[in-house]
Amino acid sequence: MRLSINRRTALWLLGALPLLGAASRPGHAAGEIKVLNWQGYGTDEKWALEAFEKATGIKVVHDYFNSEQEMLTKLRTSPGAYDVVLINNIYVMDAAKEGLIQPLDTAKLSNFGDLAPALRDSDRFVKDGKHFASAWVWGLTSFAYNDEKITDKIDSIEAMWDPKFAGKVGMRDDAMEAIQFAALATGQDINNPADMAKIKDKLAALKPQLKTFWSSEDEWNKLFAAGDYLVAVYWSGSASRSRKAMKLPVRFVVPKEGAIGWFDGLAVAANAPNPDGAHAFINFMIDPSFYVPWDTNVGAPASANLKAMAGLPEDALNRAVLGDPEVVKRVQWMAPVTDQQRQAQQELWDEVKTSFAQ
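This is a predicted model, so every value here is computed, not measured.

Conventions used here
- Residues numbered from 1 in each chain as written.
- Predicted model: local features only at pLDDT ≥ 70, side-chain atom pairs only at ≥ 80, totals over all residues.
- Heavy atoms only, no water.
- Buried < 20%, exposed > 50% of the residue type's maximum accessible area, 1.4 Å probe, protein only.
- Helix = DSSP H or I, 4+ residues; strand = E, 2+ residues; numbered from the N terminus.
- Arc of directions from axis to C-beta.
- Contact = heavy atoms within 4.5 Å.
- Pairing = 2+ DSSP bridges.
- Phe/Tyr/Trp six-rings, centres within 6.5 Å; stacked < 30°, edge-to-face > 60°.

1. Topic: helix α3 (residues 68-77)
Here's step 1: Among the residues of α3, those classed as buried are Glu-68, Met-71, Leu-72, Lys-74 and Leu-75. One face of α3 carries all of its buried residues, which in axial projection span an arc of 160°.
Here's step 2: Its buried side turned inward, α3 meets β1 (31-37), β2 (58-64), β3 (84-88), α4 (89-97) and β12 (259-269).

Take a look at the structure:
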């Protein structure tokens, strides 16, 4: 059965969180693996890599990207260089069709059965009965603000356009994210907005608001810590890390207008030098024994593993906020886009950025 995540399956996912169980351990494999991911996004946690190497004998090295397009380019231009790659769900089937990733041997993933079926068996990951990625984490794209300098509670996306914060607003330089964010602000479907002119005007209106664009979590943290941002687009898991690990006064908001929902998977690259090691690492990443300390001590997106989510403290962001059905009702989930749609989005965004420079 082919499943896609929507509000109903997301609510089902939350209802299943009380399931409990013991964490399993990855099997032993020797050698080295190379992982391609965003920097600071879980797979490169030093304490985790040390534990993984001790348990399996596998050394993990990393390469990083700052956009999904860069990730795909690295896979295309460096065949055989990577073992594990982080892929957002909307890009998995494209990567599979291009032969950039290979089907998983799910029998090698002892934690696979604990993943939420709505994510694990989504048609974003599965084709012809083969899983091309393992569901890993999910979360929201919205915005965060400095709750030391802004004492009034913010509950609207219009904070991004509030003149009080002129020159102190941040956005990521990403066409799809910007357009979907403006679609939320104008009351439209993020995947099929009916009025692109309204979206363009809404984005253009950010000109006096913007301080600068950011491209990585590390860059966001530095800009926020320096006081350049009072309000900025951000990701839920990153906001949790910024508050816990960086001790920054970051308050993540799921506004009344809604938020952008997404889920990420871990895949084995085509021609991976160490596919057994890759499977062992993916199994370790979806294990509660990794996820619970990652979220509790560092901050993370929500886990696709129901046992891992059930192991979090009740006041954790991923249970207190993302675990609230009323919050999930306001989420719109990202869908795959065609090359033509992606090109049209990029052209619109380039026009808007040009207007910023004028």
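2. Re the pairing of β12
Here's step 1: Most of β12 is tucked away, with eleven of its eleven residues classed as buried.
Here's step 2: Sheet topology note: the β3/β12 ladder contains five bridges and is antiparallel. The partner of Val-84 across the bridge, within β12, is Val-268.
Here's step 3: In terms of strand pairing, strand β4 (residues 101-102) meets β12 through two bridges, oriented antiparallel. If you follow Gln-102 over to β12, its bridge partner there is Val-268.
Here's step 4: Of the pairings in the sheet, the one linking strand β7 (residues 134-146) to β12 comprises seven bridges and is antiparallel in character. By the bridge assignment for β12, Thr-141 is matched with Ile-260.
Here's step 5: Judged from the three bridges that link them, β12 and strand β14 (residues 331-333) form a sheet pairing that is parallel. Bridge pairing links Gly-261 to Trp-333 in β14.

3. With respect to the packing of aromatic side chains
Here's step 1: One pass over the structure, following the stated rule, counts 21 aromatic pairs.
Here's step 2: Taking 5.6 Å as the distance between ring centres and 55° as the angle between the ring planes, the aromatic pair formed by Trp-38 and Trp-235 counts as tilted. Of the two residues, Trp-38 sits in the loop between β1 and α2 (46-56) while Trp-235 sits in strand β10 (residues 231-235), which places them 197 residues apart along the sequence.
Here's step 3: On the accessibility criterion, Trp-38 (11% relative accessible area) is buried.
Here's step 4: On the basis of relative accessibility, which here comes to 12%, the residue Trp-235 falls in the buried class.
Here's step 5: Ring centres 5.7 Å apart and planes at 75° place the aromatic pair Phe-213 and Trp-349 in the edge-to-face group. Here Phe-213, found in strand β9 (residues 210-214), pairs with Trp-349, found in helix α15 (residues 339-357); they are 136 residues apart in sequence, far enough to count as distant.

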